[in-house]
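Coordinate inspection notes
Spelled out, the chains give:
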Amino acid sequence: MKSLPSPRRTELLAAGAATITVLLWASAFVSIRSAGEAYAPGALALGRLLAGVLVLGVICLIRREGLPPRAAWPGIVVSGLLWFGLYMVVLNWGEQKVDAGTAALVVNVGPLIMALLAGWLLKEGLPPRLLAGMAVSFAGAAVVGLSMSGEGSASVLGVLLCLLAAVAYAGGVVAQKPALRHGSALQVTTFGCAIGAVACLPFAGQLVSDAADAPLSATLNMVYLGVFPTALAFTTWAFALARTTAGKMGATTYAVPALVVLMSWVALDEVPGWITLVGGLVCLAGVAVSRSRPRTAAAAEEVGPAAAAGPVAAAPETSPEPQREQA
């Protein structure tokens, strides 16, 4: 009989997929800065989603992925409208109204909202380590955000748009989680992206107009956003989300501000100050805390499921081997 993957192996696979997602989402902030100078918020979101749908559609055809099961569609539709559609448009718009620091600070409310919604709607609970890690990471994100504000200004509209983006992001993830019980990560991502693109079709005229005047570098950045931070990163996100809790995945995204600082340093030659670097390290420390496991759970896993089960597992007549494999 083929053995089932161990919980530790599943956790490592999910962590690896989440790492790819975080790295690509961090790189998106650098690309958005270039593309956003030539494309309006709605046009940029639509162009990014169309590029993502094209790549995902080709992969689905190659892998012969059919339509998702009917039970997956409610979550796909809601996440497509909230996360792929509304979130991308209002975030692009909000970042035009507020400075980078304020935007980063407000949007980072999203993982907190996500953890609360997942604990309530998905019955994931609120483990103390998760809450502690998120508190540490949020403090680090606040330090990064405030240190990057500089002389920027923040309008009430901009703050409200960033807050709406955070709520849409959290709601989209919580809606996506149940869909992954029925459809594959590729199916959920592809059709969620397609729904977001359809919702953004009213910006098609603006996209055509902006593309005619935009420099090649801005258009290439928009295509990059669709292929990597959208098509690839959202798929690896869905893969990881299907194998862990929404709260833990939300906490993982707190690594993004730290990575954005490093990428801006390398790609844009923006040398961060010491306060910014410290804030980034605090973000990463909080992520480590939120994803850590209690020592007793780790020790039980090292001992093995049979020993962790206690005396009952030692009695073959009361716990036959096939039943232990199914548990």
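The following refers to the structure shown. (Residues numbered from 1 in each chain as written. Predicted model: local features only at pLDDT ≥ 70, side-chain atom pairs only at ≥ 80, totals over all residues. Heavy atoms only, no water.)

**Points about the overall build of the chain**
Helix and strand counts for the chain come out as 16 helices and zero strands. Looking at the chain as a whole, 45% of its 327 residues qualify as buried. Taking the intrachain contacts of the chain between residues at least 6 apart in sequence as the baseline, contacts between residues at least 24 apart amount to 90%. Approximately 15900 Å² of the chain is accessible, and the part contributed by carbon and sulfur atoms is 70%. (Helix = DSSP H or I, 4+ residues; strand = E, 2+ residues; numbered from the N terminus. Buried < 20%, exposed > 50% of the residue type's maximum accessible area, 1.4 Å probe, protein only. Contact = heavy atoms within 4.5 Å. Areas by Shrake-Rupley, 256 points an atom, 1.4 Å probe, with all protein chains shown as cover.)

**Details of the packing of helix α3 (residues 73-94) against helix α7 (residues 156-179)**
Closest axis-to-axis distance for the α3/α7 pair is 8 Å, and the angle between their directions is 160°. Relative to α7, the element α3 is oriented roughly antiparallel. α7 is crossed by α3, and the crossing has left-handed handedness. (Axes fitted to C-alpha atoms, helices over the stretch in contact; angles between N-to-C directions. Parallel < 35°, antiparallel > 145°, perpendicular 65-115°, else oblique. Left-handed = near helix turned anticlockwise from the far one by under 90°.)

**Things to note about the side chain of T230**
Turning to its location among the elements, T230 is positioned in helix α10 (residues 216-241). From its side chain, T230 meets the backbone oxygen of L225 in a polar contact 2.8 Å long. Sequence-distant contacts of T230, defined by excluding residues within four places in its chain, comprise R48, M88, C193, L225 and T235. (Polar contact = N/O pair within 3.5 Å; in protein donor to acceptor, adjacent residues only side chain to side chain.)

**Some remarks on α10**
For α10, built from 26 residues, the straight-helix expectation of 38 Å at 1.5 Å per residue is met to within 8% by its first-to-last C-alpha distance of 35 Å. Maximal helix bending in α10 amounts to about 30°, located at A233. (Expected span 1.5 Å × (residues − 1). Bend = angle between axes of the 7 residues up to and from the residue.)

**Re the environment of V77**
Within the secondary structure, V77 sits in helix α3. Along the sequence, V77 and G172 sit 95 residues apart, while their C-alpha atoms lie 9.3 Å from each other.

**Description of the side chain of K177**
Looking at where K177 falls in the secondary structure, it is placed in helix α7. Take K177: its relative accessible area is 14%, and that puts it in the buried class. Looking at K177, its side chain comes within polar contact range of the main-chain oxygen of L241, at 2.6 Å. Contacts of K177, omitting those with residues within four sequence positions, involve L122, E124, L241, A242, T244 and T245.

**Examining the environment of L161**
Inspection of the secondary structure puts L161 in helix α7. Taking the relative accessible area as the measure of exposure, L161 reaches 6% and is therefore buried. The residues contacting L161, other than those within four sequence positions of it, are V90, W93, G94 and K97.

**Side note on the pattern of salt bridges**
Considering all chains together, one arrives at one salt bridge under this definition. Note that R63 is salt-bridged to E65, the shortest N-O span being 3.7 Å. On the basis of relative accessibility, which here comes to 57%, the residue R63 falls in the exposed class. (Salt bridge = Lys/Arg side-chain N within 4 Å of Asp/Glu carboxyl O.)

**Quick notes on the packing of aromatic side chains**
Taken as a whole, this structure holds eleven aromatic pairs when the rule is applied. Each ring, one from W73 and one from F191, has its centre 5.4 Å from the other, and the planes form 70°; the classification is edge-to-face. Linking W73 in helix α3 with F191 in helix α8 (residues 185-199), this pair joins segments that are 118 residues apart in sequence. Given the relative accessible area of 27%, W73 is considered partly exposed. With a centroid separation of 6.0 Å and 50° between ring planes, the pair formed by W83 and F84 is classed as tilted. For W83, a relative accessible area of 1% corresponds to the buried category. Given a relative accessible area of 0%, F84 falls into the buried group. (Phe/Tyr/Trp six-rings, centres within 6.5 Å; stacked < 30°, edge-to-face > 60°.)

**Comments concerning the nonpolar core**
Among the nonpolar cores identified, the biggest contains 68 residues, and Y39, W83, Y87, V173 and W237 are the most heavily contacted of them. When sequence neighbours within four positions are dropped, the list of residues in contact with W83 reads W25, V78, M88, A168, Y169, G172, V173, Q176, F234 and W237. Ranked by size, the runner-up nonpolar core spans six residues in total, among them A115, L130, M134 and Y254. (Core = buried A, V, L, I, M, F, W, Y, C linked by side-chain atoms within 4.5 Å.)

**Digging into a nonpolar patch on the surface**
Nonpolar side chains collect at one region of the surface, where V156, L160, L163 and V167 lie side by side and expose about 360 Å² of accessible area between them. Within the secondary structure layout, L160 lies in helix α7. (Patch = residues over 30% accessible without salt bridge, like charges linked within 9 Å, V, L, I, M, F, W, Y side chains within 5 Å.)

**Looking at the packing of α3 against α8**
Put simply, α3 and α8 touch, their axes get as near as 7 Å, and they point 55° apart. Judged by the angle between their axes, α3 and α8 are oblique. As α3 runs across α8, the sense of the crossing is right-handed. For the pair α3 and α8, contact is made by W73, I76, V77, G80, L81, F84 and G85 and by V188, T189, F191, G192, C193, I195, G196 and A199, respectively. The residue makeup of the contact of α3 with α8, split by class, is ten nonpolar, five polar and no charged. (Nonpolar A, V, L, I, M, F, W, Y, C, P; charged D, E, K, R; others polar.)

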